[in-house]
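Okay, here's what each chain looks like letter by letter:
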Amino acid sequence: MNATVRIFDGLVVFLAILAIAYTYLTGTSRTGIEWVGSTSLVLSAGLCLLIGGYLRFVARRISTLPEDYEEAEISDGAGELGFFSPHSFWPFFIAFSILIIGFGAAFWNWWVLLGGATALIITACALVFEYHWGREKH
């Protein structure tokens, strides 16, 4: 986990330096600052900062992983990694809800956007609670 945190920390530094250099260099051109690239680099650095912070927070709660040992073998990481439902149809409906939100935003139809947002909330909750049985059933 610590190796992954270091990767994201390095990405934050790299993207921040790149955003500053890109904004400065496009600002000195005759057309002015190119805001789309500058904004995307700043937001990418922020996203890497969020992911790195989350991984750092999680790394404190779990034991050391085989990836953190220099002499670790591939077999040290063997075993079950988690649960994945291969025949769940909720990811398809989540993607369709995001498609509806995109159409609503593209054509400035607020009612389509709100309908897609509502469908996204419902389908995301359905995905999260797909295998939830309730407290009384355990």
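Residues numbered from 1 in each chain as written. Predicted model: local features only at pLDDT ≥ 70, side-chain atom pairs only at ≥ 80, totals over all residues. Heavy atoms only, no water.

**Q** Please explain unusual backbone geometry as it appears in this structure.
**A** In most cases, non-glycine residues show a negative phi, while peptide bonds are predominantly trans. Phi is positive for Trp-108, which is not a glycine, with a value near 55°. Along the polypeptide, Trp-108 turns up in the loop between helix 3 (90–106) and helix 4 (110–128). (Helix = DSSP H or I, 4+ residues; strand = E, 2+ residues; numbered from the N terminus.)

**Q** Would you explain helix 2 (residues 35–61) in this entry?
**A** Since there are 3.6 residues in each turn of an α-helix, residues three or four apart along the chain are aligned in direction. In this model helix 2 runs 39 Å from its N-terminal to its C-terminal C-alpha over 27 residues, within 8% of the 39 Å that 1.5 Å per residue would give. Packing partners of the buried residues in helix 2 comprise helix 1 (2–27). The opening residue of helix 2, the one whose side-chain oxygen lies 3.4 Å from the backbone nitrogen of Val-36, is Glu-34. (Expected span 1.5 Å × (residues − 1). Contact = heavy atoms within 4.5 Å. Polar contact = N/O pair within 3.5 Å; in protein donor to acceptor, adjacent residues only side chain to side chain.)

**Q** In this structure, what is going on with the packing of helix 1 against helix 2? I would like to understand it.
**A** Describing two packed helices takes the angle between their axes plus the distance from one axis to the other. The contact between helix 1 and helix 2 brings their axes to 8 Å, and the two run at 165°. Between helix 1 and helix 2, the angle is such that the two are roughly antiparallel. In this structure, helix 1 crosses over helix 2, and the sense of that crossing is left-handed. For the contact of helix 1 with helix 2, a count of residues per class yields 17 nonpolar, eight polar and two charged. (Axes fitted to C-alpha atoms, helices over the stretch in contact; angles between N-to-C directions. Parallel < 35°, antiparallel > 145°, perpendicular 65-115°, else oblique. Left-handed = near helix turned anticlockwise from the far one by under 90°. Nonpolar A, V, L, I, M, F, W, Y, C, P; charged D, E, K, R; others polar.)

**Q** Explanation requested: helix 3 in the structure shown.
**A** Under the 1.5 Å per step criterion, the end-to-end length of helix 3 is 24 Å for 17 residues, consistent within 8% with the ideal 24 Å. Considered for burial, the residues of helix 3 that qualify are Ile-94, Ser-97 and Gly-104. One face of helix 3 carries all of its buried residues, which in axial projection span an arc of 80°. Across helix 3 from its buried face, at more than 90 degrees, point the exposed residues Phe-92 and Ala-106. Next to the buried residues of helix 3 lie helix 4. Just downstream of helix 3 lies Trp-108, where phi reads positive at about 55°. (Buried < 20%, exposed > 50% of the residue type's maximum accessible area, 1.4 Å probe, protein only. Arc of directions from axis to C-beta.)

**Q** Explanation requested: the nonpolar core in the structure shown.
**A** Note on soluble globular proteins: their nonpolar side chains tend to be buried together. Counting nine residues, the largest nonpolar core is built from Val-5, Phe-8, Val-12, Leu-15, Ala-19, Leu-41, Ala-45, Cys-48 and Leu-55. At the level of secondary structure, the elements contributing two or more residues to this core comprise helix 1 and helix 2. The dominant element in this core, judged by the number of residues it contributes, is helix 1, at five residues. Excluding residues that lie within four positions of it along the chain, Cys-48 makes contacts with Phe-8, Leu-11, Val-12 and Leu-15. (Core = buried A, V, L, I, M, F, W, Y, C linked by side-chain atoms within 4.5 Å.)

**Q** Quick question: what am I supposed to make of the side chain of Ser-38 here?
**A** The topology assignment puts Ser-38 in helix 2. Contacts of Ser-38, omitting those with residues within four sequence positions, involve Tyr-22, Thr-23, Thr-26 and Ile-33.

Geometry only, nothing functional implied.
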